[in-house]
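Coordinate inspection notes
Residues per chain, in single letters:
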Amino acid sequence: MKISLAKHGGQAAGMLLGRPPRVLDTGTLSPTAAEEISRLIEAARAASQAEDNGPGRARDAMSYTITVEDGDCETVLKCSDANMFPTFAHLLGLLERHLK
């Protein structure tokens with residue numbers, strides 16, 4: 001499974017323009033880490049459908065796009081600092097730790 005993380009906006013928006021998304025291949029992770037990420041992706045999918053993730057506009061808020069490619073299936077999850085739900089936040093933090 002390939003997971004891309006793109007960040008947009010925020011006070012440092014000028015520094016993020018044109019920067020390609022960072023990509024994580026779960027095949028490079030331990031089975032435990034890959035399973036935890038898979039579990040969080042499923043939970044974030046379900047939560048994004050259940051939560052009211054309205055536009056959540058806020059001045060200088062960062063927005064995040066997580067794109068999951070798993071075989072022929074692609075899932076795109078989007079949130080910003082203004083409308084982030086806990087499951088997305090947990091997934092984002094875990095991805096950022098593995099992408100360092």
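Structure: see above.
Nothing here was measured: the structure is a model prediction, and the numbers come from that model.

A few words now on the pairing of strand S3 (residues 62-70). One ladder, built from 8 bridges, connects strand S1 (residues 2-9) with S3; its direction is antiparallel. Within the sheet, the bridge partner assigned to Ser 4 lies in S3 and is Thr 67. Note: S3 against strand S4 (residues 73-80), 8 bridges, orientation antiparallel. If you follow Thr 65 over to S4, its bridge partner there is Lys 78. Once S3 ends, the chain turns through 2 residues before running back antiparallel as S4, passing Gly 71 with a positive phi of about 65°.

What follows covers the environment of Arg 19. Checked against the element boundaries, Arg 19 lands in the loop between helix H1 (13-16) and strand S2 (22-25). Along the backbone, Arg 19 and Ala 6 are 13 residues apart, and their C-alpha atoms lie at a distance of 8.4 Å.

Let's shift gears to the environment of Ile 37. Within the fold, Ile 37 resides in helix H2 (residues 31-50). For the pair Ile 37 and Leu 92, spaced 55 residues apart in sequence, the C-alpha to C-alpha distance is 9.8 Å.

Definitions and limits used
- Residues numbered from 1 in each chain as written.
- Predicted model: local features only at pLDDT ≥ 70, side-chain atom pairs only at ≥ 80, totals over all residues.
- Heavy atoms only, no water.
- Pairing = 2+ DSSP bridges.
- Helix = DSSP H or I, 4+ residues; strand = E, 2+ residues; numbered from the N terminus.

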